[in-house]
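# Working through the structure, step by step
Here are the chains, one letter per residue:
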Amino acid sequence: MDNGRGAGFMATEPIILIADETLSVQAQLGEALGKQVSLVSAMNQEQLDYWIDQPDRKPDLLVVDQNFTGQQLSRFCHYWKQDPETRQIGLIVMGPDDDDVEISSLGAGADAYLRKPLNSQLCRIRIDQLLATRKEMQRLESLSVTDGLTGIANRRYFDDFLKAEWLRAKREGGNIGLIMVDIDHFKAFNDHYGHLEGDHCLQKVAATLKEQVQRPRDLVARFGGEEFAVVLPSIHFDGMKVVADRIRSSLTEAAMPHEASDTSDILTVSMGLAWAEPSSSDSMDALIEAADEALYAAKAGGRNRYSETVDLASVRSLMTN
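Residues numbered from 1 in each chain as written. Predicted model: local features only at pLDDT ≥ 70, side-chain atom pairs only at ≥ 80, totals over all residues. Heavy atoms only, no water.

The protein chain carries the name diguanylate cyclase in an unreviewed UniProt entry, which gives Thalassolituus maritimus as its organism. What the UniProt record of the protein chain gives under Cofactor (unreviewed entry) is the line "Mg(2+)". (UniProt positions renumbered as here; feature names shortened; annotations may be inferred.)

Shown next, in the form of structure tokens:
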């Protein structure tokens, strides 16, 4: 799905990440799989974390040696399949020729188990099967999380994405910004130009937002009706206004006619800006509510503008006092 992040459909060459303390397995799998995949290796946890945190090219499949996880194989598999950051990445465990270890791995969530010494032909068959399954799942998921009219992320994907980034920011001590965007006088636009032109209007606004929200980890989504949401992970507080200014300037340059507007003779939007450094006591819903309130203030202030950025910490302080 093209969602404004640049990390939609699977790359031409799937990425297989091999977590093993030696390079011998990578060499064997490289010979078995040939040039149809890109192989990368992680020889320690730090390297594994690095690849998982890549926003634009996450691995499609992890092949992990049992010894890589120490004595925590079941826990590792369970965590991998529960974490929003990794649960969509296929998981194959390599280990000894032992029924108990295989049963434990599969029972904890691994998609497949490869017994050592590796059989190259069997490895290729199982990896090909998993990659084919993943590709089909991505195709179906893309349909289920894409807004059919605008082609950007829908509300369902927005909810999942914001939750994952919120948890990441909380875990890493980072921050996250949210901009709620509402088309001014859209009902009047529909009444004046007709619903077909109204659909074209939504598509043009979605395309404009995607053009102006440029970092790989950012997300543009249709929140509902004529309202859009822009999620900005790891952004400085002052950077929120920079993005909002770009959006306003781009729509002004586009100059889409809106003769039925009480605000301007061209199409305009109102925006509510909210920002947070999530703490253990903060709720993701509070960020959405803050952006919604800020959007309401922008509309009440005359529309065709954006609010001051609301820092969730200041809201928390006011509520505490």
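The secondary structure content of the protein chain amounts to 11 helices and 10 strands. Overall, the C-alpha framework of the protein chain stretches about 75 × 50 × 25 Å when taken along its three principal axes. Put simply, the protein chain has 321 residues, and 47% of those count as buried. When contacts within the protein chain are restricted to residue pairs at least 6 apart in sequence, long-range pairs at least 24 apart make up 68% of them. Counting only carbon and sulfur atoms, one obtains 49% of the accessible surface of the protein chain, whose full area is about 15800 Å². (Helix = DSSP H or I, 4+ residues; strand = E, 2+ residues; numbered from the N terminus. Buried < 20%, exposed > 50% of the residue type's maximum accessible area, 1.4 Å probe, protein only. Contact = heavy atoms within 4.5 Å. Areas by Shrake-Rupley, 256 points an atom, 1.4 Å probe, with all protein chains shown as cover.)

Let us now look at the environment of Ala 206. For Ala 206, the location among the structural elements is in helix α8 (residues 195–212). Sequence-wise, Ala 206 and Val 101 are 105 residues apart; in three dimensions their C-alpha atoms are separated by 49 Å.

Before going further, it helps to examine the sheet that holds strand β9 (residues 269–276). The sheet built from 5 strands is open, its strands ordered β7-β8-β6-β9-β10 with mixed pairing. Looking along the sheet, the strands with just one partner apiece sit at the ends: β7 (219–224) and β10 (310–311). Direction of pairing for strand β6 (residues 176–183) relative to strand β8 (residues 227–233): antiparallel, over a ladder of 7 bridges. Each residue of the ladder has a partner; that of Gly 177, found in β8, is Leu 232. (Pairing = 2+ DSSP bridges.)

Further remarks concern the packing of aromatic side chains. Counting across every chain of the model gives 7 aromatic pairs. Taken together, a centroid distance of 6.2 Å and an interplanar angle of 5 degrees make the contact between Phe 186 and Phe 189 stacked. A residue pair is termed a helical-turn pair when its members lie 3 or 4 positions apart in one helix, as Phe 186 and Phe 189 do in helix α7 (residues 186–193) at 3 residues. Counting every residue linked through ring pairs, the aromatic cluster contains Phe 186, Phe 189 and Tyr 193. (Phe/Tyr/Trp six-rings, centres within 6.5 Å; stacked < 30°, edge-to-face > 60°.)

Spatial strand order, β2-β1-β3-β4-β5: 5 strands in an open sheet with parallel pairing. Only two strands of the sheet have a single neighbouring strand rather than two, namely β2 (38–42) and β5 (112–115). The sheet shows a mean angle of 20 degrees between the axes of neighbouring strands, direction not considered. In this structure, strand β1 (residues 15–19) lies alongside β2, joined through 5 bridges in parallel fashion. When the bridges of β2 are listed, Ile 18 appears paired with Ser 41. Running at roughly 165 degrees to β5, helix α5 (residues 120–145) makes contact with β1, β3 (61–65), β4 (90–95) and β5 of the sheet. (Axes fitted to C-alpha atoms, helices over the stretch in contact; angles between N-to-C directions.)

The next thing to look at is the nonpolar core. One finds Ile 179, Val 181, Ile 183, Val 205, Phe 228, Leu 232 and Met 271 to be the most contacted residues of the largest nonpolar core, which totals 28 residues. Of all the secondary structure elements, the ones that give two or more residues to this core are β6, α7, α8, β8, α9 (239–254) and β9. Contact partners of Ile 179, with chain neighbours within four places excluded, come to Phe 228, Ala 229, Val 230, Leu 232, Met 240, Val 243, Ala 244, Met 271, Gly 272 and Leu 273. Within the second largest apolar cluster, 24 residues are counted, among which are Leu 178, Leu 219, Ala 276 and Ala 291. (Core = buried A, V, L, I, M, F, W, Y, C linked by side-chain atoms within 4.5 Å.)

Moving on, we get to the side chain of Asp 20. By secondary structure assignment, the location of Asp 20 is in the loop between β1 and α1 (24–33). Taking relative accessible area as the criterion, Asp 20 reaches 5% and is therefore assigned buried. Here the side chain of Asp 20 touches Lys 116 through a polar contact of 3.4 Å, side chain to side chain. (Polar contact = N/O pair within 3.5 Å; in protein donor to acceptor, adjacent residues only side chain to side chain.)

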